[in-house]
Amino acid sequence: MWQGLGRFVLKNRLILLIALLIATGIMGFYASKVKLSYEFSKAIPTDNPRYQEYLDFKRTFGDDGNLLVLGVSTKDLFTLKNFAAYQQLHKELKQVQHVEDVLSIPAAVALQKDSLAEKLTALKIFPENITSQVELDSAASIFLNLPFYRSLLYNNSTNSYLAGVRINKDVLNSPRRSKVIADITAAANKFSSVTGLETHLSGLPLIRTVVADRIQKEMRLFLIGSLALSVLILLLFFRSFSTTLISLAVVIIGVIWTVGTIYLCGYNITLLTALIPSLVVVIGIPNCIYFINKYHTSYLRYDSLQETESKEKALVDMVSKMGVVTLFCNLTAAIGFAVFALTRSAILREFGVVAGISIMVIFVISFILLPSVLSYLRAPRKNQLKYLDNKWISVFLTKVEVWAFHHKKTVISVTALVLIIAITGIMRLRTEAHIVDDLPATDKIYTDLKYFEKNFKGVMPLEIVVDTKKRNGLTGMRALNVYEKVDLLAQYISSQAYMNRPLSVSEGLKFAKQGFYENDSTQYLMPNAFDGSFVAEYLRPSKSAGKNNNFTRMLNSFVDSTKQRTRLSVSMADVGTQKLPEVLEGIRKRSGELFDTASYKVTLTGTSITFLEGSRFIINGLKESILWAFLLIAVCMLYLFRSFRILVCSLIPNVVPLVITAGIMGWAGVPLKPSTVLIFSVALGIAVDITIRFLVNYKQDLGVYHNDVAATVRSTVQQTGLSIVYTSLVLTAGFIIFCGSSFGGTFALGWLTSVTLFAATITNLILLPVLLLLLKKK
């Protein structure tokens, strides 16, 4: 069959090449139309209860992840020069396109009692033009006397001040967000240059935008770098520009088809699918090496014939011998990735679909392009075949034979010892993820986040919704009882080490009471039944939207339109997926003590909750995917070799490297998280290729050597060992380039996958022959 396919490709090479080029041109057109995804990773299924609660919250109260914060620490903010610059910063931030609101000290208001109108009026504390230090000191004294702003806009103990910038949520899901963040950063830098004060920026809009832009830029650089490195290694191996250019053409066409596939599937480029082009390069290059290596070895076998005849026979031999091997290698690699399509996570499903299709497409491209183009080129010259007699590799393969045939017990013992050490490391492996834990500790984004955690207990949003289960349940004097409970819950939260004082209507009511009592700070308390009548307008359904000061707008945003539900907005530290459940359980326990379930429903939601749920879902989904991958790959192996004994021999050399990698992660303190658990599926899908190539060659030669296992193993080590070593070097180089990333997850993908591939090479060249010899039929 495969010989027939080989002759078919060679006979119709021109038609096939033209068809491939036309199809590639069409895919290139579609690839040019693909867009980047600016949405936050859709890790949770849309029908997940936590996700549904979050969507319900956003429909009711708006987005919680569109606040960027700016911080500065100084003892001299309230000096004329610095405060004038701070006021100017406030104005410039408000002028940035798509900024909806700015909450900062220059916009702070105080409530003043109007006895004639019998109402409280919001007045700005700081005039637009302050001409003297006395005037500024007087305004600052009023501001610092208002507990409402304490810990929200300033921390008096550390002389730190905060400004909040609310950005349009639709812009944050579009390419325009990069310019908005750049304009805000430019305004902050201008303030720093005028005052000499360091500014700190954080918040989900900044983190998402900067991290996404940086990763996308790195992916482009790594794609170019992996191509350049592959070209260099191919030149060193084959000593032929034409052979190198053919291999390069295979992977470039593969990348074009990959990006085109993303568009045709209706997807955008996400942070995960951006990895696929680089994966196509590191999977496509080994295809080329194995095909070309087989072509060269077959050509030498037929060197006694005329050049044209020997070249044709070598090409048919290449396709017939390596076609089935490469098909199953790519199939198993595709399975390793395609199993992600079985998950219900959108981002994993997109990755699995595109990666699975792309890997099979790269096989078709290799199968058509390599024999067709090689048939047009002249036969390989002697200097292009020198690599087949590489002394260093020949010596290494000879030692491999010695280890496999004469030190079986030592190989098994060393493997067992390494596994024991690795399993001990696995016992130390922990599952933990942070929103920004892939950033180095010296990165500006990371240090700024820690600045806000130190001075304001963090910036990650957590939302708590209290539902009274009654329409207008938050109106009139009866609502005071609800808000008293909300205040008690807020007191519990603010007493915790990882959460700032929540912002809620109860804080607004205390602020209103202080205003009623001539801004006496001792009266910053919840209104009681006696003095509650003056805040009645804040408890009645709003009949007017003409409230144009920040304080009133804020209060209206904390109660839904039916006056049935109210929210508490908490800013908290990025505590990670290990600590966060404990924090949330504490809140649930305290809210259960305050609100009886018959009359109230308390829901915890927000980005912090969805991040926790998403991380759990991705990690569990990837664990399940690895199990499915093992099962499906085992089925492929059983079908290919029709032998349970061979199946056992094939799986053990691939399980051992994964166990070793997991053990190294445990000993090195690398946690299991969404960005590192992907390593196992990637490495498994690629490492199985080595096993298949070895065993297929073994099976093909077994009949030649009259079922002599020992002779067949020797021949297989010598025949496939060279291409396995070369391929492993290319793959390792392709992944090691990711170690240049500034992100911990990408860096870990680079070095841990390289370690896995190195271990897989050793186990397949040494342990696999030992197993074949030990388990041979008597």
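Residues numbered from 1 in each chain as written. Predicted model: local features only at pLDDT ≥ 70, side-chain atom pairs only at ≥ 80, totals over all residues. Heavy atoms only, no water.

Digging into the overall build of the protein
Here comes step 1: From N to C terminus, the protein includes 25 helices and 10 strands.
Here comes step 2: Expressed along its principal axes, the backbone C-alpha trace of the protein runs to roughly 115 × 50 × 45 Å.
Here comes step 3: Looking at the protein as a whole, 57% of its 778 residues are labelled buried.
Here comes step 4: Within the protein, contacts between residues separated by at least 24 positions form 79% of all contacts whose residues are at least 6 apart in sequence. (Helix = DSSP H or I, 4+ residues; strand = E, 2+ residues; numbered from the N terminus. Buried < 20%, exposed > 50% of the residue type's maximum accessible area, 1.4 Å probe, protein only. Contact = heavy atoms within 4.5 Å.)

What to know about helix 16 (residues 479-494)
Because an α-helix completes one turn every 3.6 residues, residues spaced three or four positions apart along the sequence face the same direction.
Here comes step 1: Compared with an ideal rise of 1.5 Å per residue, which puts 16 residues at 22 Å, helix 16 spans 22 Å between its outermost C-alpha atoms and is within 8% of the ideal.
Here comes step 2: Those residues of helix 16 lying buried are Ala-479, Leu-480, Val-482, Tyr-483, Lys-485, Val-486, Asp-487, Leu-489, Ala-490 and Ile-493. (Expected span 1.5 Å × (residues − 1).)

Some remarks on the sheet that holds strand 10 (residues 601-605)
Here comes step 1: Overall, antiparallel pairing links the three strands, which are arranged 9-8-10 in an open sheet. The two strands at the open ends of the sheet, each matched to only one other strand, are strand 9 (565-572) and strand 10. Geometrically, the sheet is characterised by an average inter-axis angle of 20 degrees between neighbouring strands, direction not taken into account.
Here comes step 2: Here strand 8 (residues 460-467) pairs with strand 9 via eight bridges, running antiparallel. Bridging across to strand 9, Ile-464 finds its partner in Leu-568. (Pairing = 2+ DSSP bridges. Axes fitted to C-alpha atoms, helices over the stretch in contact; angles between N-to-C directions.)

Here's the deal with the packing of helix 8 (residues 204-238) against helix 9 (residues 241-264)
Here comes step 1: Relative to each other, helix 8 and helix 9 sit at 155 degrees, their axes nearing to 9 Å. Judged by the inter-axis angle, helix 8 sits roughly antiparallel to helix 9. Considering only the axes of helix 8 and helix 9, their crossing is right-handed. Residues Leu-223, Leu-227, Val-231, Leu-234, Leu-235 and Phe-238 of helix 8 form the contact with helix 9, whose participating residues are Phe-241, Thr-243, Thr-244, Ser-247, Leu-248, Val-251 and Val-255.
Here comes step 2: For the contact of helix 8 with helix 9, the residue count by class is 10 nonpolar, three polar and no charged. (Parallel < 35°, antiparallel > 145°, perpendicular 65-115°, else oblique. Left-handed = near helix turned anticlockwise from the far one by under 90°. Nonpolar A, V, L, I, M, F, W, Y, C, P; charged D, E, K, R; others polar.)

Brief notes about a nonpolar patch on the surface
Here comes step 1: Together, Leu-14, Ile-18, Ile-22, Ile-26 and Tyr-376 make up a nonpolar patch on the protein surface, roughly 490 Å² of accessible area in all.
Here comes step 2: Of all the elements, helix 2 (residues 13-31) adds the most residues to the nonpolar patch, at four residues.
Here comes step 3: Mapped onto the fold, Ile-26 is located in helix 2.
Here comes step 4: Since its relative accessible area comes to 44%, Ile-26 is described here as partly exposed. (Patch = residues over 30% accessible without salt bridge, like charges linked within 9 Å, V, L, I, M, F, W, Y side chains within 5 Å. Areas by Shrake-Rupley, 256 points an atom, 1.4 Å probe, with all protein chains shown as cover. Salt bridge = Lys/Arg side-chain N within 4 Å of Asp/Glu carboxyl O.)

Details of the packing of aromatic side chains
Each aromatic ring pair is described using two quantities: the centre-to-centre distance and the angle formed by the ring planes.
Here comes step 1: Summed over all chains, the structure comprises 23 aromatic pairs.
Here comes step 2: Seen in terms of ring centroids, Phe-328 and Tyr-639 are 6.3 Å apart; in terms of plane orientation they differ by 25 degrees. Their pairing is stacked. Here Tyr-639 lies in helix 21 (residues 607-641) and Phe-328 lies in helix 11 (residues 307-338), a separation of 311 residues in the sequence.
Here comes step 3: A residue is classified by how much of its surface remains accessible, and Phe-328, at 11% relative accessible area, is buried.
Here comes step 4: Three or more aromatic residues joined by ring pairs make a cluster, and in this case those are Phe-78, Phe-83, Phe-126, Phe-143, Phe-148, Tyr-149, Tyr-154, Tyr-161 and Phe-511.
Here comes step 5: If you follow Arg-567 out to its NZ or CZ, it ends over the ring of Phe-558, 4.7 Å from the centre. (Phe/Tyr/Trp six-rings, centres within 6.5 Å; stacked < 30°, edge-to-face > 60°. Lys NZ or Arg CZ within 6 Å of the ring centre and 35° of its normal.)

Remarks on unusual backbone geometry
Here comes step 1: Of note in this structure, Lys-457 is not a glycine but carries a positive phi near 65 degrees.
Here comes step 2: One non-glycine residue, Asn-472, adopts positive backbone phi at about 60 degrees.
Here comes step 3: Turning to its location among the elements, Asn-472 is positioned in the loop between strand 8 and helix 16.
Here comes step 4: The class for Asn-472 is partly exposed, based on a relative accessible area of 29%.

Considering the environment of Asp-443
Here comes step 1: Looking at where Asp-443 falls in the secondary structure, it is placed in the loop between helix 14 (408-427) and helix 15 (444-456).
Here comes step 2: At 2.9 Å, the side chain of Asp-443 and the backbone nitrogen of Ile-445 are in polar contact. (Polar contact = N/O pair within 3.5 Å; in protein donor to acceptor, adjacent residues only side chain to side chain.)

A word on the pattern of salt bridges
Here comes step 1: Under the defined criterion, the tally for this structure stands at 19 salt bridges.
Here comes step 2: In this structure, the salt-bridge partner of Lys-179 is Asp-183, at a minimum N-O distance of 2.9 Å. One end of the pair, Lys-179, and the other, Asp-183, are both in helix 7 (residues 177-195), four residues apart, so they sit about a helical turn from each other.
Here comes step 3: Taking the relative accessible area as the measure of exposure, Asp-183 reaches 28% and is therefore partly exposed.
Here comes step 4: By sharing partners, the salt bridges in this structure join Asp-56, Arg-59, Asp-560 and Arg-565 into a single network.

Side note on the confidence of the model for the protein
Here comes step 1: Per-residue confidence for the protein averages 84 on the pLDDT scale, and 94% of its residues sit at or above 70.
Here comes step 2: Within the protein, no element has a lower average pLDDT than helix 18 (residues 536-539), which sits at 50, and none a higher one than strand 7 (residues 199-202), at 95.
Here comes step 3: Confidence drops under a pLDDT of 50 for residues 538-547, and excluding neighbours within four residues, the segment shows 22 contacts in the predicted structure. (pLDDT = per-residue confidence, 0-100.)

Description of the packing of helix 16 against helix 20 (residues 576-594)
Here comes step 1: Axis separation between helix 16 and helix 20 bottoms out at 10 Å; the angle between their running directions is 155 degrees. The angle between the axes of helix 16 and helix 20 places the two elements in the roughly antiparallel class. The crossing of helix 16 and helix 20 is right-handed. The segment helix 16 lies against helix 20, with Lys-485, Leu-488, Leu-489, Tyr-492 and Ile-493 engaging Gly-586, Ile-587, Arg-590, Ser-591 and Leu-594.
Here comes step 2: A per-class count over the contact of helix 16 with helix 20 returns six nonpolar, two polar and two charged.

A short note on the state of the cysteines
Here comes step 1: Tallied over the entire structure, the rule returns zero disulfides.
Here comes step 2: Free cysteine Cys-288: the closest other cysteine sulfur is in Cys-329, separated by 14 Å.
Here comes step 3: Overall, Cys-288 belongs to the buried group, its relative accessible area being 0%.
Here comes step 4: Considering cysteine sulfurs only, Cys-329 is the nearest to Cys-649, which forms no disulfide, with 17 Å between them. (Disulfide = S-S within 2.5 Å.)

Comments concerning the side chain of Thr-195
Here comes step 1: Looking at the secondary structure, you find Thr-195 in helix 7.
Here comes step 2: A polar side-chain atom of Thr-195 sits 2.8 Å from the main-chain carbonyl oxygen of Phe-191.
Here comes step 3: Apart from the residues lying within four places of it in its own chain, the contact partners of Thr-195 are Asn-82 and Ala-85.

Looking at the environment of Arg-239
Here comes step 1: Position of Arg-239 among the secondary structure elements: in the loop between helix 8 and helix 9.
Here comes step 2: Remark: the alpha-carbon pair of Arg-239 and Tyr-387, spanning 148 residues in sequence, is separated by 8.4 Å.
Here comes step 3: Beyond its immediate stretch of four places on either side in the chain, Arg-239 contacts Leu-234, Asn-383 and Gln-384.

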